[in-house]
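Remarks on the overall topology
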Amino acid sequence: MKIFLVGYMGCGKSTKAKQLAHRLVCPVIDLDAEIVNKSGKTIAEFFEAYGENGFRAYESEMLKTYNYPETCVVATGGGLPCFFDNMDWMNAHGETVYLEMEPSQLVSRLHNRQKRPLIKDLNDEQLLEFIKLKLEERNAFYRRSKIVINAFDLDAERLEEAIRNAEGRAANK
Ligand code: S3P
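Below, the structure is looked at part by part. (Residues numbered from 1 in each chain as written. Predicted model: local features only at pLDDT ≥ 70, side-chain atom pairs only at ≥ 80, totals over all residues. Heavy atoms only, no water.)

Before going further, it helps to spend a moment on the pairing of strand β3 (residues 72–75). Each regular strand displays side chains that alternate between the two surfaces of the sheet. With burial as the criterion, each face of β3 is covered, one bearing C72 and V74 and the other bearing V73 and A75. Relative to β3, strand β1 (residues 2–6) runs parallel, the two sharing four bridges. Counted as the bridge partner of L5 is A75 from β3. With three bridges joining them, strand β2 (residues 28–30) and β3 adopt parallel strand pairing. When the bridges of β3 are listed, D30 appears paired with A75. (Buried < 20%, exposed > 50% of the residue type's maximum accessible area, 1.4 Å probe, protein only. Helix = DSSP H or I, 4+ residues; strand = E, 2+ residues; numbered from the N terminus. Pairing = 2+ DSSP bridges.)

Now the structure itself:
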């Protein structure tokens, strides 16, 4: 089973992916890190060189061509579910989990913005407005995940339980 964690920047996808993979004793894959490894550029450098369109194309290609182990936890970039047919692809290939969080909670977790090109020049107030607007658009994609869970104070044990419950429900259909 492949588990794809999706959600806005700062919701904790990378950390939760590591913790969950540890519990499930399986590999963790961070697609942003794989993009950096393969391209030899940081995400900021990638945006600078190829623009957002270039990044989205490369990101989608990485999602669909990565050689995933049978069982793994995958942390995706915050925008990935919202481009091309990436959300459909993930739903067809595994379990998808939206780590949902309130805009104000996201702002308080996004202190280091320099490595995130879309928000690097915003102050807290501007960031809050930006997140509110973006979430309105992005929620339409994120909420197509098979599991939607509030990610504030979420521990990996509860996350695992939510995934197992969803698998159980799907098996009983
Ligand atoms: C992005 C989120 C980032 C990274 C890129 C674009 C987005 O990933 O893919 O900066 O559009 O929300 P994280 O969610 O891991 O920060």
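For the structure shown, the criterion picks out 11 salt bridges. For D121, the salt bridge goes to K120, with nearest N and O atoms at 3.3 Å. The class of D121 is exposed, set by a relative accessible area of 63%. Since its relative accessible area comes to 34%, K120 is described here as partly exposed. For the salt bridge of E160 with R164, the shortest nitrogen-to-oxygen distance reads 2.9 Å. You can see E160 and its partner R164 sitting in helix α7 (residues 156–172), four residues apart, about one turn around the helix. Through salt bridges with shared partners, a single network forms among R23, E160 and R164. (Salt bridge = Lys/Arg side-chain N within 4 Å of Asp/Glu carboxyl O.)

Let us look at the sheet that holds β3. Overall, parallel pairing links the five strands, which are arranged β2-β3-β1-β4-β5 in an open sheet. This sheet does not close on itself; its edge strands, each paired only once, are β2 and β5 (147–150). Averaged over neighbouring strand pairs, the angle between their axes works out to 20° when direction is ignored. Two strands pair when backbone bridges link them, and strand β4 (residues 95–100) and β5 are joined in this way by four bridges, in the parallel orientation. By the bridge assignment, E100 is partnered in β5 with N150. (Axes fitted to C-alpha atoms, helices over the stretch in contact; angles between N-to-C directions.)

Okay, the site of the ligand next. Every one of the 14 residues lining the ligand counts as a neighbour, but K13, D32, R56, R116 and R138 are closest to it. Contact distances for the ligand include 2.7 Å between an oxygen atom and a side-chain N or O atom of R138. Coverage of the ligand by the protein amounts to 95% of the 390 Å² it exposes when considered alone. Looking at the shell around the ligand element by element, the count peaks at four residues for helix α3 (residues 43–65). Residues that form the shell around the ligand fall into these classes: five nonpolar, three polar and six charged. (Near = heavy atom within 4 Å. Polar contact = N/O pair within 3.5 Å; in protein donor to acceptor, adjacent residues only side chain to side chain. Areas by Shrake-Rupley, 256 points an atom, 1.4 Å probe, with all protein chains shown as cover. Nonpolar A, V, L, I, M, F, W, Y, C, P; charged D, E, K, R; others polar.)

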